[in-house]
Amino acid sequence: MDVNEIIRQMTLQEKASLCSGEDFWHLKGIARLGIPSIMVTDGPHGVRKQTCKTAANKLEENIPVGSNESIPATCFPTAVTLGSSWDRKLMKEIGIALGEECLQEEVSVILGPGLNIKRAPQCGRNFEYISEDPYVTGEMGAALIQGVQSKGVGTSVKHFAVNNQEKYRMVIDSVVDERALREIYLAGFETAVREASPWTVMSAYNKVNGTYCSENKKLLKEILRDDWGFEGLVISDWGATDDRVQGLKAGLDLEMPASQGINDKKIVEAVENNQLEEAVLDRTVERILKLILQGDSNKKAGFTYDVDAHHALAGKASSASMVLLKNNENILPLNSRMKIAVIGEFARRPRYQGAGSSLINPTRLDNIFDELTSRKIDFSYARGYDVNVDRPNQRLIEEACKASEGADVVLVFAGLTERYESEGYDRMHMAMPEAHNRLIKVLGEINRNLVVVLSGGSPVEMPWINDVKGLLNTYLGGQAGAAAVIDILFGIVNPSGKLAETYPLKLEDSPAYRYFAKGKVTAEYRESIYVGYRFYEKANREVLFPFGYGLSYTAFEYSDLKLSKAMMKDTEVLKVCVRIKNIGEMAGAEIAQLYVRDLESTIFRPVKELKGFQKVFLEPGEEKNLEFLLDGRSFAYYNVNINGWHVEEGEFLVMMGASSRDIRLEAKIFVRSSQPSVDVPNYKETAPSYYHLTSGVFSIDDHEFEAVYGRGLPPSKQSPTENFTMNSLVEDMGSKFIGRLFLKIAKGRIKKLSAARDDNDPAFRFLWSTVMESPLRTVVVVSDGTISLPMTDAILKLINGKYLRGGYALARAIAFTKCFK
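Computed from a predicted model, the values in this text were never measured in an experiment.

Chemist: Please give an account of the pattern of salt bridges that cites residues and values.
Modeler: Applying the stated criterion across every chain yields a total of 63 salt bridges. When the shortest N-O distance is used, the salt bridge between Arg 169 and Glu 166 registers 3.5 Å. Overall, Arg 169 belongs to the buried group, its relative accessible area being 4%. With its nearest N and O atoms 3.4 Å apart, the salt bridge here joins Asp 227 to Arg 182. Of this pair, Asp 227 sits in helix α8 (residues 217-227) while Arg 182 sits in helix α6 (residues 178-185), and the two are 45 residues apart along the sequence. By relative accessible area, Arg 182 is classed as buried at 11%. Each of Arg 125, Glu 128, Lys 158, Glu 166, Arg 169 and Glu 423 takes part in salt bridges that share partners, so that together they form one network.

Next comes the structure, spelled out in structure tokens:
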């Protein structure tokens, strides 16, 4: 079909109609023009296609997030887990599998991967993101995209951009300096766009430096399209649209989900009133049509995927991603002749994925208890704690102690329960449930041979770390994670994962501690480029486990680091070679990491930055030569004076290591700049703290941050308002009696919708937090017609004290809604 010819035949109303969804999960079609509808659905570590049975016992697909079960799909390890594999090839394999499952379910676009940076350990959605480092994020994300799209299924790279907290994510303004924006928060997206050409990019809910992402021309047009050459579709996160016409002008193509025709009408009026050029609308429609036609043409009727093969791949991915963090006295691997005690309810009820819109209904789910039993490994078991209760249970602890007496080794399965991390809300601390911490502490006192198998999607504090000999971090291992754990514990598989994030000793050590989720207006990124290991290295801060760290059952030797030249221009490419040898007695894989350091600079820079990595498998005694390529960008920083990347001429250190704090080899290179006369930003007088990070809780005063930010800081407090509007937060309605009444009704309905056991149920907390911290306009859109615009207008009148007009308007709105149901 000729897209331009289709556009010529379309009415203005038809063009506008394509700019929003048909419902919650489908794009609109136009029957008279032969334009089909296609389906998109949640990801990113599995296909979350939601359905329910109608009264006629038919499957219904137009179901809002969290309100019904989804179809069975393979639950692969989450992004935090896969990021620890550092394995591009594996990531692509998983992408291919996801694409195949989409083909079976006739899904044209899967919403993922998530490429947001792990700015702070508290973010409730960190399990859905890959790393604190933009290089790892971009490389691994690009590989997943390439895999999915090789099957003719599109991806949606999200959440663009600077969406690093769940608290007030719908309205928060991320205040970030331009250099940090480019070097840290956009770089992963840039790599994914340039290397993998995703079909779509999803704009985030939040604002960036004062402008909502869904109408941010700088992000959506100047950077994404003009700088990076993106040719695909920009889609809004669900309900993220504020000013639809302004968004269209800025580069937001598709609004999701359906807006009940509200914003389509605004687009038509804007064109008719000469407030929007129809040519702008036509370009948007062209991109939407191309996506629809591409997705529809790639459908494969009757296609099915191999469920068992995908389960096996999920297990392979899990075992390649788990990180051995401690192995004192070589307590691991175990042997089946040992007397083994298995403690912890996670052994029977695994924590294997996160919560929220990424929640997958697995095709099957393995657990440790059944896996050990099926392998005929003898063990004793005790529950140890109740996964639904944080308080220690003395009876369960005593049972665990009894089961552990005389055991050669005690395996404790513990970590973060599902209540602790989810989309929709952030953690307030880094602590594990006290029931888990207390259990580990007590068991460590009666049996020295203690191994903790940790589950969870984010770093935790470990007050018991000196009481255990072994620690295996499984993160969230997906549906086949149990077999992977057993394979590693018993040495069938040699652990090869390494941390793609830093584990600080305590929350106060985080550079964002003072500034993370502190209000409902702004989120100030005062740490600038110092995220993760970039901060801990610069501040010379002790950590629990460093970035890039992970143990193996074997050992590797690094040698013969060679640079192809001693001096290079920033327009040239440097070849770096190193030899890795397995000097142990067991086959295994090593992740070689290449870091770069600017030895002397005018602008503040990190001590080291990751610029390359390779995962190599070696038999005992085997050695291989690895080759890395570094270009000018590898040595560059983002110069705000020229709005571009710049290499400050001088000497750099090229470092090869097994982690950010285990550098094995070094070599120097002199890099000549092609722009030697460029003015390099110098903050040594205006912001000296960025050059010499001090001990204690990280803090930057207003003047220093303003110097780096380049302008005055926006107000961080909400200004008082007399009347509520469509942009008012739902939770603020609670300050009025009528508002409290409506919130009470809404809470009851959401609790029923989520089938919640109590207010701490993750499904309820996800939905309720999302509603409470959303502006009213978002609630209207994502309610799928349950709350109409006239109904919301009536509620606003009531809350604003206009009782007669509001009551009359509400009665009319309810009557109108009933007529059309």
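Chemist: With reference to specific residues and values, describe the sheet that holds strand β11 (residues 233-236).
Modeler: Within a sheet, adjacent strands bond to each other through the backbone by hydrogen bonds, running parallel or antiparallel. Spatially, five strands are ordered β1-β5-β6-β8-β11 in an open sheet, and the strand pairing comes out parallel. Because the sheet does not close on itself, it has two edges, and the strands there are β1 (40-42) and β11. Taking the axes of each pair of neighbouring strands and ignoring which way they run, one obtains an average angle of 30° across the sheet.

Chemist: Pulling in residues and values, what's your account of the layout of surface pockets?
Modeler: Its volume calculated, the second largest pocket comes out at about 850 Å³. For the second largest pocket, the lining is made up of 33 residues, of which Tyr 352, Gln 353, Leu 359, Glu 418 and Ala 763 are closest to its centre. Counting only elements with at least two residues in the lining of the second largest pocket, the list comes to β14 (361-362) and α20 (762-772). For the lining of the second largest pocket, the leading source of residues is α20, giving three residues. Its residues assigned to classes, the lining of the second largest pocket shows 14 nonpolar, twelve polar and seven charged.

Chemist: Tell me about the sheet that holds strand β30 (residues 650-659), and please be specific about residues and values.
Modeler: Within the open sheet, the five strands sit side by side as β23-β31-β30-β25-β26. Their pairing is mixed. Pairing within the sheet leaves two strands with one partner each, and these edge strands are β23 (567-569) and β26 (609-618). On average, each strand axis in the sheet is tilted by 30° relative to the strand beside it, whichever way the strands run.

Chemist: Let's hear about a nonpolar patch on the surface: which residues, and what values?
Modeler: A cluster of nonpolar side chains, namely Phe 737, Leu 741 and Ile 745, defines an oily patch on the protein surface of about 310 Å² accessible area. One can find Phe 737 in helix α19 (residues 737-753). On the accessibility criterion, Phe 737 (59% relative accessible area) is exposed.

Chemist: Outline the packing of helix α5 (residues 134-149) against helix α7 (residues 187-196), supporting the account with residue identities and numerical values.
Modeler: The description of two helices packed together rests on the angle between their axes and the distance between the axes. Relative orientation of the contacting elements α5 and α7 amounts to 35°, with a least axis distance of 8 Å. In this structure, the crossing between α5 and α7 has a hand that is right-handed. Contacts between α5 and α7 involve Pro 134, Thr 137, Gly 138, Glu 139, Ala 142, Ile 145, Gln 146 and Gln 149 on the former and, on the latter, Ala 187, Gly 188, Thr 191, Ala 192, Glu 195 and Ala 196. Class assignment of the residues belonging to the contact of α5 with α7 gives a composition of six nonpolar, six polar and two charged.

Chemist: Which residues make up α6, and what are the values?
Modeler: Among the eight residues that make up α6, eight are buried, leaving the element largely enclosed by the rest of the structure. Capping the start of α6 is the job of one residue whose side-chain oxygen sits 3.2 Å from the backbone nitrogen of Arg 179: Asp 177.

Chemist: Which residues make up the environment of Trp 199, and what values do they have?
Modeler: Its location among the elements puts Trp 199 in the loop between α7 and β8 (200-203). Considered as a pair, Trp 199 and Ile 184 are 15 residues apart in the sequence and their alpha carbons are 23 Å apart.

Chemist: Kindly report on the confidence of the model for the protein chain, identifying the contributing residues and their values.
Modeler: Within the protein chain, residue pLDDT values average 94, and 97% of them lie at 70 or more. Under a pLDDT of 50 for its full length, residues 53-59 has, in the predicted model, six contacts with residues more than four places off or in other chains.

Chemist: Account for the packing of helix α4 (residues 88-104) against helix α12 (residues 307-321), naming residues and giving values.
Modeler: Packing of α4 against α12 leaves a shortest axis separation of 11 Å and a crossing angle of 150°. In terms of orientation, α4 and α12 fall into the roughly antiparallel class. When the axes of α4 and α12 are compared, the crossing they make is left-handed. The residues of α12 that touch α4, namely those facing Leu 90, Glu 93, Ile 94, Ala 97, Glu 100 and Glu 101, are His 310, Leu 313, Lys 316, Ala 317 and Ala 320. Of the residues belonging to the contact of α4 with α12, the class tally is six nonpolar, one polar and four charged.

Chemist: Tell me what's going on with the pairing of strand β16 (residues 409-415), and back it up with residues and numbers.
Modeler: Most of β16 sits inside the fold, with seven of its seven residues counted as buried. Of the two faces of β16, the one lined by Val 409, Leu 411, Phe 413 and Gly 415 and the one lined by Val 410, Val 412 and Ala 414 are each fully buried. Inspection of the sheet shows strand β13 (residues 340-343) paired to β16 by four bridges, in the parallel sense. Bridged to Val 342 within β16 is Leu 411.

Chemist: Quick rundown of empty space enclosed by the protein? Include the residues and the values.
Modeler: In this approach a probe as big as a water molecule rolls over the atoms, and the regions it shows empty are the leftover space. As enumerated under the stated definition, the model contains seven cavities of 30 Å³ or more in all. Volume-wise, the largest cavity comes out at about 170 Å³. Lining of the largest cavity is provided by 18 residues; of these, Pro 350, Arg 351, Ser 455, Ala 482 and Val 485 occupy positions nearest its centre. Elements supplying a minimum of two residues to the lining of the largest cavity: β17 (450-455) and α16 (481-489). By residue number, the principal contributor to the lining of the largest cavity is α16, which donates three residues. For the lining of the largest cavity, the residue count by class is ten nonpolar, six polar and two charged. By volume, the second largest cavity amounts to about 120 Å³. Considering the residues around the second largest cavity, the lining is formed by 14 residues, among which Lys 118, Arg 119, Pro 121, Glu 132 and Thr 502 are closest to the centre.

Chemist: Could you give me a rundown of unusual backbone geometry, with the residues and numbers involved?
Modeler: Excluding glycine, residues mostly carry a negative phi; peptide bonds, for their part, are mostly trans. With an omega dihedral of 5°, the bond running from Gly 112 to Pro 113 counts as a cis peptide bond. Look at the link from Met 256 to Pro 257: it is a cis peptide, with omega at -5°. Tracing the sequence through the fold places Pro 257 in the loop between α9 (244-250) and α10 (262-272). The phi dihedral of Glu 329 is positive, around 55°, even though this residue is not glycine. Take Glu 329: it is sitting in the loop between β12 (323-327) and β13. Here Asn 643, not a glycine, exhibits a phi torsion of approximately 50°, which is positive. Within the secondary structure layout, Asn 643 lies in the loop between β28 (637-639) and β29 (644-646). By relative accessible area, which is 58% here, Asn 643 ends up exposed.

Chemist: Which residues make up the packing of aromatic side chains, and what values go with them?
Modeler: Under the criterion given, the structure shown has 26 aromatic pairs. With 6.4 Å between their ring centres and 70° between their planes, Tyr 503 and Phe 545 make a pair best called edge-to-face. Placement of Tyr 503 in strand β19 (residues 503-504) and of Phe 545 in strand β21 (residues 543-545) is noted, with a sequence separation of 42 residues between them. Both residues of the pair, Tyr 503 and Phe 545, belong to the buried class.

About the thresholds
Residues numbered from 1 in each chain as written. Predicted model: local features only at pLDDT ≥ 70, side-chain atom pairs only at ≥ 80, totals over all residues. Heavy atoms only, no water. Salt bridge = Lys/Arg side-chain N within 4 Å of Asp/Glu carboxyl O. Buried < 20%, exposed > 50% of the residue type's maximum accessible area, 1.4 Å probe, protein only. Helix = DSSP H or I, 4+ residues; strand = E, 2+ residues; numbered from the N terminus. Pairing = 2+ DSSP bridges. Axes fitted to C-alpha atoms, helices over the stretch in contact; angles between N-to-C directions. 1 Å grid on protein atoms, 1.4 Å probe; cavity = no way out; pocket = protein on both sides within 12 Å on 5 of 7 lines; lining within 4 Å. Points joined across faces, edges and corners; volume = space filled by probe spheres on them. Nonpolar A, V, L, I, M, F, W, Y, C, P; charged D, E, K, R; others polar. Patch = residues over 30% accessible without salt bridge, like charges linked within 9 Å, V, L, I, M, F, W, Y side chains within 5 Å. Areas by Shrake-Rupley, 256 points an atom, 1.4 Å probe, with all protein chains shown as cover. Left-handed = near helix turned anticlockwise from the far one by under 90°. Contact = heavy atoms within 4.5 Å. Polar contact = N/O pair within 3.5 Å; in protein donor to acceptor, adjacent residues only side chain to side chain. pLDDT = per-residue confidence, 0-100. Parallel < 35°, antiparallel > 145°, perpendicular 65-115°, else oblique. Phe/Tyr/Trp six-rings, centres within 6.5 Å; stacked < 30°, edge-to-face > 60°.

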